[in-house]
Amino acid sequence: MRTTSWFLLSILLSVSALYFSPTLEWSLRPSLSEIDHKAVVTKTKNTTTPAPAKKPVEVAVQKPSDTEVAAPQRVLVEPEPAHETPGASSASASNDEVPEISQHVFADSNDERTKHNLAALVWDEQIASIARAHSADMLDKNYFSHEDPNGCSSSCRADNADYRWTAIGENIYMTTGYKLSSAAEAEMIVNGWMNSSGHRANILGTKFTHTGVGIAVKGDKVYITAMYSKPR
């Protein structure tokens, strides 16, 4: 009887020891091979803000108003200077002959236009005064050019004189050592221009309606400037 009791107590103690054994506790958990592993798919939210679609660049083009009137185009014609070979005599035109030479150059130029069935140019005293000033400046400063020493051309001189124009041209001529009548000197000048393509184009220019001639004389030197224009 005692033996039986000790036997039953031993079995009970063994069972209790197994139940509280850490080894048994872990051994009773399912092994990794018994777990139904499933792939875990992690979805990451795209936090990057997509770039906006590029729109075509719109360029604003300003259209002229119906009331706008385009400024007239200004045409400037300045041929190479026509320089006459000096004559044998040391005498030339006097200041008293200057107006006569100017009028002869004006008349002879219009005669050339008439020969080519072109309308005569109208005498314009304002551009005649601009032409006289340029001839005097060339004579005084001893140069021969459409541009003065400061680089001012015929258009520049016209603008400085507040002359409003849409087309302007200029012929210049210089003689020295001639003793000719006013008519003969003017004929020589106009013939010289007519034998030069650029100067001829000015005399016969259809874009011109007005003209003025300015002459300056000193000793045996004579400077001639003829300007052609279409006033605005």
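In this text the structure is predicted, and so the values were computed from the model without any measurement.

Chemist: Is there a simple way to think about the overall build of the chain in this case?
Modeler: Across its full length, the chain carries seven helices and six strands. Its helices and strands taken in sequence order, the chain reads α-α-β-β-α-β-α-α-β-α-α-β-β from the N to the C terminus. Considering the chain as a whole, with its 232 residues, one finds that 34% of them fall into the buried category. As presented, the chain carries roughly 15,400 Å² of accessible surface, and 56% of it is formed by carbon and sulfur atoms.

Chemist: Explanation requested: helix α3 (residues 98-115) in the structure shown.
Modeler: Residues that lie three or four places apart on an α-helix share one face, since the helix turns once every 3.6 residues. The end-to-end C-alpha distance of α3 is 26 Å, a good match for the 26 Å that 18 residues give at a rise of 1.5 Å each. Buried residues of α3: V98, I101, S102, V105, F106, D108, S109, N110, E112 and R113, and no others. Where α3 is buried, its residues meet β3 (122-123), α6 (182-194), α7 (197-203) and β5 (210-218).

Chemist: So what exactly am I meant to see when it comes to the pairing of β5 here?
Modeler: Consecutive side chains along a regular strand alternate between the two faces of the sheet. Counting buried positions along β5 gives seven out of nine residues, so the element sits mostly inside the fold. The pairing of β5 with strand β6 (residues 221-231) spans nine bridges and is antiparallel. Bridge pairing in β6 places I215 opposite I224. Connecting β5 to the next strand, β6, in antiparallel fashion are two residues, including G219 with a positive phi near 65 degrees.

Chemist: Would you mind showing me how to read the nonpolar core here?
Modeler: Nonpolar side chains in soluble globular proteins tend to end up buried together. In terms of nonpolar packing, the biggest core is built from 23 residues, with V105, I189, W193, I203, I215, I224 and Y228 touching the most fellow members. Considering each element in turn, this core owes the most residues, six residues, to α6. Residues within four places of I224 in sequence aside, it is in contact with S135, N171, I172, Y173, I189, W193, V213, G214 and I215.

Chemist: Would you take a moment to explain the pairing of β6 for this structure?
Modeler: Where burial is concerned, most of β6 is hidden: eight out of the 11 residues are buried. With 11 bridges connecting them, strand β4 (residues 165-176) and β6 associate as antiparallel partners. Note that in β6 the partner of T176 across the bridge is K221.

Chemist: Sorry if this is basic, but what is going on with the packing of aromatic side chains here?
Modeler: For any pair of aromatic rings, geometry is given as the distance between the ring centres together with the angle between the planes. For the structure shown, the criterion picks out four aromatic pairs. Both rings, one in F106 and one in W123, keep their centres 5.2 Å apart while their planes meet at 80 degrees; by these two values the pair is edge-to-face. Placement of F106 in helix α3 and of W123 in strand β3 is noted, with a sequence separation of 17 residues between them. Here the aromatic rings of F144 and Y223 are separated by 6.3 Å at their centres, their planes lie at 55 degrees, and the arrangement is tilted.

Chemist: Before we go on, may I ask you to explain the environment of S155 in this structure?
Modeler: For S155, the position within the fold is in helix α5 (residues 154-160). Placed 15 residues apart in sequence, S155 and E170 show a C-alpha to C-alpha distance of 9.1 Å. Separated by 3.1 Å, the side chains of S155 and S153 make a polar contact.

Chemist: Even after reading the chapter, I still don't get the pattern of salt bridges, so can you show me in this structure?
Modeler: Side chains that differ in sign of charge can pair as their charged atoms come close. Under the definition given, this model contains four salt bridges. A salt bridge links K115 to E112, with the nearest nitrogen and oxygen atoms 3.4 Å apart. With K115 and E112 both in helix α3, this residue pair falls three residues apart, about one helical turn. On the basis of relative accessibility, which here comes to 61%, the residue K115 falls in the exposed class.

Chemist: For this particular structure, what's the right way to read the environment of A184?
Modeler: Among the secondary structure elements, A184 is positioned in helix α6. By relative accessible area, which is 28% here, A184 ends up partly exposed. For A184 and I101, which are 83 residues apart along the polypeptide, the C-alpha to C-alpha distance reads 8.8 Å.

Chemist: Is there a simple way to explain the state of the cysteines in this structure?
Modeler: Two cysteines form a disulfide when their sulfur atoms are joined by a covalent bond. Under the criterion given, the structure shown has one disulfide. Note on cysteine connectivity: C152 is disulfide-linked to C156, with sulfurs 2.0 Å apart. Across the S-S bond linking C152 and C156, the dihedral sits near -105 degrees, which makes this disulfide left-handed. Using a relative accessible area of 8% as the deciding quantity, one classes C152 as buried.

Chemist: Can you help me understand the environment of L121 in this one?
Modeler: Relative to the helices and strands, L121 resides in the loop between α3 and β3. On the basis of relative accessible area, L121 is assigned to the buried category, the value being 4%. Excluding anything up to four places from it in sequence, L121 contacts F106, N110, R113, I203, F208, T209, H210, T211 and Y228.

What counts as what
- Residues numbered from 1 in each chain as written.
- Predicted model: local features only at pLDDT ≥ 70, side-chain atom pairs only at ≥ 80, totals over all residues.
- Heavy atoms only, no water.
- Helix = DSSP H or I, 4+ residues; strand = E, 2+ residues; numbered from the N terminus.
- Buried < 20%, exposed > 50% of the residue type's maximum accessible area, 1.4 Å probe, protein only.
- Areas by Shrake-Rupley, 256 points an atom, 1.4 Å probe, with all protein chains shown as cover.
- Expected span 1.5 Å × (residues − 1).
- Contact = heavy atoms within 4.5 Å.
- Pairing = 2+ DSSP bridges.
- Core = buried A, V, L, I, M, F, W, Y, C linked by side-chain atoms within 4.5 Å.
- Phe/Tyr/Trp six-rings, centres within 6.5 Å; stacked < 30°, edge-to-face > 60°.
- Polar contact = N/O pair within 3.5 Å; in protein donor to acceptor, adjacent residues only side chain to side chain.
- Salt bridge = Lys/Arg side-chain N within 4 Å of Asp/Glu carboxyl O.
- Disulfide = S-S within 2.5 Å.

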